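# Structural overview
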Amino acid sequence: ASGIVELVVDGRIARADYEAAIMAIDAMIERHGTVKVLEILKDIGWVDPSVWWKDTVWGLTHIRDFGRCAVVTDKGWVGPFAKAIGALMPAEVRVFPLNAEQAARNWLATGENR
């Protein structure tokens with residue numbers, strides 16, 4: 001669907017991976033004004049330390065560019081973390097289990113949870 005970026009995290013996050021994802025999101029924001037994000041978090045491994053700072057700065061400067069964010073994961077700690085971050089953002093943030101990826105896509109596209 002238009003205006004939706006899908007990111008899959010499954011293991012380590014290198015700086016080049018992060019920068020490629022940011023370029024895709026920036027291009028989508030340029031095209032659509034706002035962006036919806038589907039993040040599928042299967043596993044998170046080592047993260048390049050420079051990514052944390054860059055992501056914090058980038059996120060703060062783009063906080064109003066997000067419409068909805070769906071996080072799809074079976075990692076129990078991610079839900080409360082995503083909800084806490086979501087409370088600081090104007091965007092709606094929802095967490096879905098891994099087996100509900102299609103429901104997450106539907107919610108991003110329509111706002112409905114089916």
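Refer to the structure printed above.
Residues numbered from 1 in each chain as written. Predicted model: local features only at pLDDT ≥ 70, side-chain atom pairs only at ≥ 80, totals over all residues. Heavy atoms only, no water.

Right, let's get into the pattern of salt bridges. It is possible for side chains of opposite charge to pair when their charged atoms get near one another. Overall, the coordinates contain six salt bridges when judged by the stated rule. In this structure, the salt-bridge partner of Lys54 is Glu19, at a minimum N-O distance of 2.9 Å. With a gap of 35 residues between them, Lys54 in helix α2 (residues 49–61) and Glu19 in helix α1 (residues 15–32) connect regions that are remote in the sequence. Classification of Glu19 as partly exposed rests on a relative accessible area of 29%. A salt bridge links Arg68 to Glu92, with the nearest nitrogen and oxygen atoms 3.2 Å apart. With Arg68 in strand β3 (residues 66–73) and Glu92 in strand β4 (residues 92–96), the pair connects residues that are 24 residues apart, well separated along the chain. (Salt bridge = Lys/Arg side-chain N within 4 Å of Asp/Glu carboxyl O. Helix = DSSP H or I, 4+ residues; strand = E, 2+ residues; numbered from the N terminus. Buried < 20%, exposed > 50% of the residue type's maximum accessible area, 1.4 Å probe, protein only.)

Looking now at the sheet that holds β3. Taken in spatial order, the four strands make up an open sheet running β1-β2-β3-β4, and their pairing is parallel. Of all the strands in the sheet, the pair left with one neighbour each is β1 (4–13) and β4. Adjacent strand axes in the sheet meet at a mean angle of 20° when their direction is disregarded. Bridge analysis of β3 against β4 gives five bridges, and the strand direction is parallel. Within β4, the residue paired with Cys69 across the bridge is Val93. Those strands touched by α1 are β1, β2 (35–47) and β3, and its axis lies near 175° from that of β1. Together, β1, β2, β3 and β4 form the strand contacts of helix α4 (residues 101–110), whose direction differs from that of β3 by roughly 175°. (Pairing = 2+ DSSP bridges. Axes fitted to C-alpha atoms, helices over the stretch in contact; angles between N-to-C directions. Contact = heavy atoms within 4.5 Å.)

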